[in-house]
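Residue-level structural notes
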Amino acid sequence: MSILVVGSVAYDTVETPFGKAERVLGGSASFFAVAASFFVPVNLVGVVGEDFGEEQLQAFRGRDIDLEGLERVPGKTFHWAGKYSFDLNARETICTELNVFETFKPKIPARYRRSEHVFLGNIDPVLQRDVLDQVERPRLVACDTMNFWISGKPDELRRTLSRVDILLINDAEARQLSGEWNMVKAARAIRAMGPRVLVVKKGEHGVLMFTEAGSFAAPAYPLEEVFDPTGAGDTFAGGFVGYLAAQDGGGARGPEDGAALRRAVIMGSTLASFCVEAFSLDRLLRLTRGEIDARFQLFKDLTHFEPL
Ligand code: AMP
């Protein structure tokens, strides 16, 4: 049992009201892989340039993250720079230098083709489908996307979504994709496009999940210190899919298992709450399974109340 993840591996330059970090490890696949590796082995597919250092690779080594699918090619690694104001829910992209990511064509190593769980990070929907074409009938396909693809390649995105079980996006993206302002209507429209499960991320306002059985809401963990929200969405996805994949191996029914899906939302929220406590992957790399389990329990107390 393992998860195949495809997405960006990046250098990020991030400025928040609390400080600045230059050219630190980032990228959707990096955050996802480290978070998911707490639960199941992860096979990472991505691309970096010649400038990607051994120090960055150390983040993945010593965990259950297979790097055979991480290509190193001539050129520079993808670089993203962003800036947050005091409202940490809103960020401004300062620059996106695609570099080696511009000509990225995911090649799935033979060993990865039987992956039962796949996470399609935020890349061109055509490439996301290319990945699905290279794997043998996965049991669960989860997917992320962003405004750039929703407006830029709507038809390609629709074709990809028809092959996706779980879509994880933020509230603005859900509205844009569906053309509906109301989130319940938006969820109905998006689920009709293919995904049986829609997870809507709302930053510090938590998460809403929509399934056949109805909806489930989880708050974000109320933290005293939020330092850098970059990667919280991908880290959520890593905790969510990682937890589900671990359950699936135990005979649960994957996206059909309502109780496991709810616990997966809380596990995703738990992992994301650690991610935002420091720049880059710094907090995730020091995280222990004991800390994860303790905060997961705190979520139970956070939302528990006695019935009338
Ligand atoms: P999140 O905060 O979860 O939305 O993810 C932030 C991460 O996404 C950063 O580490 C960036 O390196 C990466 N990222 C930003 N823009 C893009 C893009 N256009 N394509 C792929 N990855 C990106």
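Everything here concerns the structure above.
The sections below set out a description of the structure shown in this document. (Residues numbered from 1 in each chain as written. Predicted model: local features only at pLDDT ≥ 70, side-chain atom pairs only at ≥ 80, totals over all residues. Heavy atoms only, no water.)

**Re the pairing of strand E2 (residues 10-16)**
Here is the rule: A simple rule labels every residue: compare its accessible area, found with a 1.4 Å probe on the protein chains alone, to the largest value its type can have, and call it buried under 20%, exposed over 50%, or partly exposed in between. Each helix is a run of DSSP H or I of at least 4 residues and each strand a run of E of at least 2, with the numbering of both proceeding from the N terminus. By the convention used here, strands pair only if DSSP detects at least 2 bridges between them.
Buried residues dominate E2, accounting for six of its seven residues. The hairpin turn running from E2 into strand E3 (residues 19-26), its antiparallel successor, is two residues long. The sheet contact formed by E2 and strand E7 (residues 79-84) spans five bridges and is parallel. Bridge pairing in E7 places valine 14 opposite glycine 82.

**Description of the site of the ligand**
We count it as follows: One heavy atom suffices: a residue is near a molecule or strand as soon as one of its heavy atoms comes within 4 Å of it. Pairs of N or O atoms are called polar contacts if they sit within 3.5 Å, as long as, within protein, a hydrogen donor faces a hydrogen acceptor (for residues adjacent in sequence, only side-chain-to-side-chain pairs). Polarity classes work like this: nonpolar for Ala, Val, Leu, Ile, Met, Phe, Trp, Tyr, Cys and Pro, charged for Asp, Glu, Lys and Arg, and polar for all others, with Gly in that last group.
In the vicinity of the ligand there are 17 residues, among which Ser8, Asp12, Gly27, Gly231 and Asp234 approach most closely. Separating a nitrogen atom of the ligand from a side-chain N or O atom of serine 8 is a distance of 2.8 Å. Take arginine 91: an N or O atom from its side chain is 3.0 Å from an oxygen atom of the ligand. Taken together, the elements giving at least two residues each to the shell around the ligand come down to E2 and helix H8 (232-249). The greatest single-element share of the shell around the ligand, amounting to three residues, is contributed by H8. Residue composition of the shell around the ligand, grouped by class: seven nonpolar, seven polar and three charged.

**Here we look at the pairing of strand E1 (residues 3-6)**
Burial along E1 is two-sided: the residues Ile3 and Val5 and Leu4 and Val6 are all buried. In the sheet, E1 pairs with strand E4 (residues 42-48) via four bridges, with the strands oriented parallel. Bridge assignment links valine 5 to a residue of E4, and that residue is leucine 44. By the bridge criterion, four bridges tie E1 to strand E9 (residues 117-120) in an arrangement that is parallel. Its bridge partner lying in E9, valine 6 is registered against leucine 120.

**Some details on the side chain of glutamate 173**
Where we set the bar: In this tally Asp and Glu are treated as negative and Lys and Arg as positive; neither His nor the chain ends contributes. Salt bridges are defined by distance alone: a side-chain nitrogen of Lys or Arg within 4 Å of a carboxyl oxygen of Asp or Glu. Contact between two residues is taken to exist if any of their heavy atoms lie within 4.5 Å; hydrogens are not considered.
For glutamate 173, the location among the structural elements is in helix H6 (residues 171-178). Despite being buried, glutamate 173 has no salt bridge partner; lysine 201 is the closest side chain of opposite charge, sitting 5.7 Å away. Those residues within four positions of glutamate 173 in sequence are excluded, and the remaining contacts are Thr145, Met146, Asn147 and Ile150.

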